[in-house]
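# A look at the structure
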Amino acid sequence: MVTPYIIVEQSQPLKGQVSLNGAKNAVLVIIASLILTRGKSVLHNVPKSDDVLHMISLLKSLGASVFFFEEEHILQVDTTQLSSWNVNAEVMKKMRASILVMGPLLARFGKADIAAPGGCVIGSRPIDFHLKNFKKMGATVFENGDYLSAVTTGLRAGRYVLEYPSVGATENILMSAVLTPGQTYIVNAALEPEVMDLIDVLRKMGANIQVLAPATLCISGVSQLQSVEHTIIPDRLEAGSLLIAAAITKGEIEITNAIAEHMDVFLLKLEEMGHSIRLNANGQGIYLKASQNPRAVSFKTSPYPGFPTDLQAPMMAAQCIAEGISVIEETVFENRLVHVRELQKMGAQIKQEGTKAIVTGVEHLYGAQVIATDIRASCSLVLAGLCAKGTTRMTGIHHWTRGYDHLEKKLGFLGGNITIVNQEMPLSLTVNELGRENIL
Ligand code: UD1
């Protein structure tokens, strides 16, 4: 079997101007939300990443007619003939975000038959917040091993409280509530920019949604929704990765369409490291000039507007060569420090204590053979490779292609030396190592 891998060479300071693709985490849920409508919708700024392609296959398998104009990043979806509420297990298992069709299917058909989404879900990657609230809304949920079946004769509006502001659970309950008669409240809702983009789309469809303080969504159900045309927000996680790439190589870049207010705490931490950041007056566009002697900073991940868990691994790479000690605490996911071991292979000085990583900056990282275990870990390792002496070879690149639309080309355009090799991986990697995975 041919296992492609990425080669990253130590690169010159990254320089230049780039723009972002649409946000993967917004587009996935927005495609799922089209199940709520009948008619032809058009989405602009759609990234061509593997997760997006999986979500397209999922909608097609339900009967939607879909055209993806990849070069133009335009997706046309006609959901008029959607006739199935039964999601193919093979598609479902490819990514956790497939669970996001459950709310829209319940709202449209009163039924949803799905397989448990990718990974060990009901155990350490639970979907209990989704299921508990669907039950409270009046759905009967049958769990049979790997399969979930939900049915309702009509969902009930009410006040649903999340014990944690889960992004996926907020989105799923929200999508099931927009067609439910009466007023539904989601208390302790996630308000990530991607959730707000979904709210924008649902409002364009005709939904009535208010965002109240503190972190509450109030949805007044409507009887039907119409198709939409919408441009997906720029990907703040791609923006973060590009800024770190410039910082780690001591370069200077401008991202023309990055939205600074989507990434305030992250930008604050880059500034504390000593990097210069300038924002365009209209709120779109971020310029970074890297410090030549970056200082280590500590941070803790938390729901928006805190430091995003999806930038924890990439930011850790930058701490590995910063001066001083950085304490990084992961609070969103209990097992999201798998990249520590891979960065250690590159010479990083990191001590892990539970969900904390204590990083002592070193003069240099060194190229090594490393394994990506989730989307953001793959990014962390590529970024580390850009500043490491020698050659870094990373396997597990399906995580990279799931999350990013050819980010290697964008980094290459800025001066990064990255190549995807479509041939046999080096023999020195063991089968066991390649088997380790994390689905986020
Ligand atoms: C989404 C993002 C992911 C990001 C995460 C947190 C997408 C496609 N993915 O994932 O990139 O890292 O938000 O910002 O948008 N939890 C439960 N029970 C549940 C649901 C979640 O215990 O029913 C826990 C999770 O295990 C995790 C925490 O809540 O510890 C946050 O997860 P959640 O916000 O739901 O993440 P996702 O929506 O899966």
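Residues numbered from 1 in each chain as written. Predicted model: local features only at pLDDT ≥ 70, side-chain atom pairs only at ≥ 80, totals over all residues. Heavy atoms only, no water.

### Brief notes about the nonpolar core
Within the largest apolar cluster, 74 residues are counted, with the highest numbers of intra-cluster contacts made by Ile-31, Leu-75, Leu-174, Val-178 and Leu-202. Considering every element that reaches this core, the biggest residue donor is helix 1 (residues 24–33), with 7 residues. What Leu-202 contacts, discounting residues up to four positions off in sequence, is Ser-33, Leu-36, Leu-174, Met-175, Val-178, Ala-207 and Ile-209. Core analysis: the next-biggest nonpolar cluster, separate from the first, contains 70 residues, Ile-6, Ile-277, Val-297 and Leu-311 among them. (Core = buried A, V, L, I, M, F, W, Y, C linked by side-chain atoms within 4.5 Å. Buried < 20%, exposed > 50% of the residue type's maximum accessible area, 1.4 Å probe, protein only. Helix = DSSP H or I, 4+ residues; strand = E, 2+ residues; numbered from the N terminus. Contact = heavy atoms within 4.5 Å.)

### Here's the deal with the site of the ligand
Around the ligand there are 17 residues in total, and Asp-128, Phe-129, Ser-166, Asp-310 and Val-332 lie nearest to it. For the ligand, an oxygen atom lies 3.0 Å from a polar atom in the side chain of Asn-25. Separating an oxygen atom of the ligand from a backbone N or O atom of Val-332 is a distance of 2.5 Å. For the shell around the ligand, the secondary-structure elements that each account for two or more residues are helix 5 (128–136) and helix 6 (167–177). Ranked by residue count, the leading element in the shell around the ligand is helix 5, at 3 residues. The residue makeup of the shell around the ligand includes at least three contributed by each of domain 1 (5–21 + 234–438) and domain 2 (24–219). (Near = heavy atom within 4 Å. Polar contact = N/O pair within 3.5 Å; in protein donor to acceptor, adjacent residues only side chain to side chain. Domains from an automatic or database assignment.)

### A short note on the sheet that holds strand 21 (residues 369–371)
If you trace the 4 strands from one edge of the open sheet to the other, you get 21-22-1-23, paired in mixed fashion. Of all strands in the sheet, those with a lone pairing partner are strand 21 and strand 23 (417–421), marking the two edges. Within the sheet, the average angular offset between the axes of one strand and its neighbour, ignoring direction, is 25°. Against the sheet, helix 12 (residues 375–387) contacts strand 1 (5–9), strand 21, strand 22 (391–395) and strand 23, and its axis sits at roughly 30° relative to strand 1. (Pairing = 2+ DSSP bridges. Axes fitted to C-alpha atoms, helices over the stretch in contact; angles between N-to-C directions.)

### Description of the pattern of salt bridges
A side chain of one charge can pair with a side chain of the opposite charge when the charged atoms of the two come close. Tallying each qualifying case throughout the model produces 14 salt bridges. Lys-410 is paired through a salt bridge with Glu-238; the nearest N and O atoms lie 2.7 Å apart. A residue pair is termed long-range when its members are at least 10 positions apart, and Lys-410 in helix 14 (residues 407–413) and Glu-238 in helix 8 (residues 236–248) qualify at 172 residues. Salt bridges linked by common partners bring Lys-24, Asp-51 and Arg-402 together as one network. (Salt bridge = Lys/Arg side-chain N within 4 Å of Asp/Glu carboxyl O.)

### Some details on the sheet that holds strand 16 (residues 284–289)
Strand order in the open sheet made by the 4 strands is 2-14-16-15, with mixed pairing throughout. Strands with a single pairing partner mark the edges of an open sheet, and in this sheet they are strand 2 (15–18) and strand 15 (276–279). Sheet twist, expressed as the mean angle between neighbouring strand axes with direction ignored, is 20°. Across the face of the sheet, helix 8 comes into contact with strand 2, strand 14 (252–259) and strand 16 while running at roughly 170° to strand 14. The strands touched by helix 9 (residues 264–272) within the sheet are strand 15 and strand 16, with strand 15 carrying the most contacts at an inclination of about 140°.

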